[in-house]
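# A structural walkthrough
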Amino acid sequence: RAVFGISIKKKYWNNGIGNALVKEVINQAKEIGYEQIELGVFSDNEKAIALYKKHGFEVWGNVKNAFKLKDGTYHDEIIMGKMIWK
(Lines give C-alpha, C1' and ligand atoms only; values in the text may rest on other atoms or scores of the structure.)
Protein backbone atom coordinates (compact mmCIF):
# COMPACT_ATOMS: atom_id res chain seq x y z
CA ARG A 1 0.00 0.00 0.00
CA ALA A 2 1.07 3.52 -0.72
CA VAL A 3 -0.58 6.67 0.59
CA PHE A 4 -0.14 10.06 -1.04
CA GLY A 5 -1.40 13.61 -0.86
CA ILE A 6 -1.07 16.66 -3.06
CA SER A 7 -1.80 20.31 -2.54
CA ILE A 8 -1.78 23.04 -5.17
CA LYS A 9 -1.92 26.75 -4.39
CA LYS A 10 -5.15 28.30 -5.65
CA LYS A 11 -3.38 30.66 -8.06
CA TYR A 12 -2.12 27.57 -9.95
CA TRP A 13 -5.48 25.77 -10.21
CA ASN A 14 -6.88 24.89 -13.64
CA ASN A 15 -3.47 24.48 -15.26
CA GLY A 16 -3.44 20.66 -15.37
CA ILE A 17 -0.98 20.36 -12.49
CA GLY A 18 -3.20 18.12 -10.36
CA ASN A 19 -3.92 15.87 -13.32
CA ALA A 20 -0.20 15.55 -14.11
CA LEU A 21 0.70 14.85 -10.47
CA VAL A 22 -1.93 12.14 -10.05
CA LYS A 23 -0.84 10.44 -13.29
CA GLU A 24 2.77 10.49 -12.12
CA VAL A 25 1.90 9.13 -8.67
CA ILE A 26 0.03 6.24 -10.28
CA ASN A 27 2.88 5.54 -12.70
CA GLN A 28 5.55 5.66 -10.00
CA ALA A 29 3.53 3.45 -7.63
CA LYS A 30 3.13 0.85 -10.39
CA GLU A 31 6.83 1.04 -11.24
CA ILE A 32 7.83 0.51 -7.61
CA GLY A 33 5.46 -2.45 -7.34
CA TYR A 34 2.64 -1.23 -5.12
CA GLU A 35 -0.70 -2.93 -5.58
CA GLN A 36 -2.91 -0.19 -4.23
CA ILE A 37 -2.73 3.53 -3.56
CA GLU A 38 -4.83 5.58 -1.19
CA LEU A 39 -5.47 9.19 -0.28
CA GLY A 40 -7.60 11.34 1.98
CA VAL A 41 -9.51 14.42 0.82
CA PHE A 42 -11.81 16.90 2.57
CA SER A 43 -15.40 15.84 1.90
CA ASP A 44 -16.31 19.30 0.57
CA ASN A 45 -13.45 19.39 -1.97
CA GLU A 46 -15.61 18.41 -4.94
CA LYS A 47 -13.03 19.44 -7.52
CA ALA A 48 -10.35 17.15 -6.06
CA ILE A 49 -12.80 14.28 -5.62
CA ALA A 50 -13.78 14.57 -9.31
CA LEU A 51 -10.09 14.57 -10.30
CA TYR A 52 -9.38 11.41 -8.33
CA LYS A 53 -12.48 9.65 -9.68
CA LYS A 54 -11.36 10.59 -13.20
CA HIS A 55 -8.20 8.57 -12.52
CA GLY A 56 -10.11 5.55 -11.24
CA PHE A 57 -10.10 6.17 -7.50
CA GLU A 58 -13.13 5.00 -5.54
CA VAL A 59 -14.53 6.09 -2.19
CA TRP A 60 -13.45 3.52 0.39
CA GLY A 61 -14.67 5.27 3.53
CA ASN A 62 -15.35 8.43 5.48
CA VAL A 63 -13.84 9.77 8.71
CA LYS A 64 -16.16 12.15 10.53
CA ASN A 65 -14.55 15.30 11.97
CA ALA A 66 -11.11 14.12 10.82
CA PHE A 67 -9.61 17.62 10.83
CA LYS A 68 -10.09 20.59 13.12
CA LEU A 69 -9.16 23.86 11.44
CA LYS A 70 -7.74 26.96 13.11
CA ASP A 71 -11.18 28.61 13.06
CA GLY A 72 -12.57 25.74 15.15
CA THR A 73 -14.58 24.10 12.37
CA TYR A 74 -14.28 20.43 11.55
CA HIS A 75 -13.98 18.70 8.19
CA ASP A 76 -14.86 15.13 7.34
CA GLU A 77 -12.28 13.20 5.32
CA ILE A 78 -13.13 10.89 2.45
CA ILE A 79 -10.73 7.98 2.03
CA MET A 80 -10.25 7.03 -1.61
CA GLY A 81 -8.28 4.19 -3.14
CA LYS A 82 -7.30 2.53 -6.37
CA MET A 83 -6.02 -0.98 -7.09
CA ILE A 84 -3.04 -0.82 -9.48
CA TRP A 85 -1.96 -4.38 -10.15
CA LYS A 86 0.42 -4.64 -13.07
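Residues numbered from 1 in each chain as written. Predicted model: local features only at pLDDT ≥ 70, side-chain atom pairs only at ≥ 80, totals over all residues. Heavy atoms only, no water.

### Some remarks on the nonpolar core
- In terms of nonpolar packing, the biggest core is built from 16 residues, with Ile37, Leu39, Val41, Tyr52, Phe57 and Met80 touching the most fellow members.
- Of all elements in the fold, only α1 (17-32), β2 (36-42), α2 (46-54) and β4 (74-83) reach the threshold of two or more residues within this core.
- A per-element tally of this core places α2 first, with four residues.
- When residues no more than four places from it in sequence are discounted, the contact partners of Leu39 are Phe4, Tyr52, Phe57, Ile78, Ile79 and Met80. (Core = buried A, V, L, I, M, F, W, Y, C linked by side-chain atoms within 4.5 Å. Buried < 20%, exposed > 50% of the residue type's maximum accessible area, 1.4 Å probe, protein only. Helix = DSSP H or I, 4+ residues; strand = E, 2+ residues; numbered from the N terminus. Contact = heavy atoms within 4.5 Å.)

### Some remarks on the pattern of salt bridges
- Under the counting rule described, the total for this entry stands at one salt bridge.
- With its nearest N and O atoms 2.7 Å apart, the salt bridge here joins Arg1 to Glu38. Here Glu38 lies in strand β2 and Arg1 lies in the segment before β1 (2-3), a separation of 37 residues in the sequence.
- Judged by relative accessible area, which is 64%, Arg1 ranks as exposed. (Salt bridge = Lys/Arg side-chain N within 4 Å of Asp/Glu carboxyl O.)

### Observations regarding the packing of α1 against α2
- Taken N-terminus to C-terminus, the directions of α1 and α2 make an angle of 40°; their axes are 10 Å apart at the nearest point. Considered as vectors, α1 and α2 are oriented oblique to each other. For α1 against α2, the interelement crossing comes out right-handed. Taken together, the residues of α2 that come into contact with α1 (itself represented by Gly18, Asn19 and Val22) are Leu51, Tyr52 and Lys54. (Axes fitted to C-alpha atoms, helices over the stretch in contact; angles between N-to-C directions. Parallel < 35°, antiparallel > 145°, perpendicular 65-115°, else oblique. Left-handed = near helix turned anticlockwise from the far one by under 90°.)

### Concerning the packing of aromatic side chains
- What the rule picks out here adds up to four aromatic pairs.
- With centroids separated by 6.4 Å and ring planes inclined at 85°, the aromatic side chains of Phe4 and Tyr52 adopt a geometry described as edge-to-face. In this pair, Phe4 sits in the loop between β1 and α1 while Tyr52 sits in helix α2, placing the two residues 48 residues apart along the sequence.
- Classification of Phe4 by relative accessible area gives buried; the value is 14%.
- Ring geometry for Tyr52 versus Phe57: centroids 6.0 Å apart, planes at 65°, classification edge-to-face.
- By relative accessible area, Tyr52 is classed as buried at 5%.
- Three or more aromatic residues joined by ring pairs form one cluster here, namely Phe4, Tyr52 and Phe57. (Phe/Tyr/Trp six-rings, centres within 6.5 Å; stacked < 30°, edge-to-face > 60°.)

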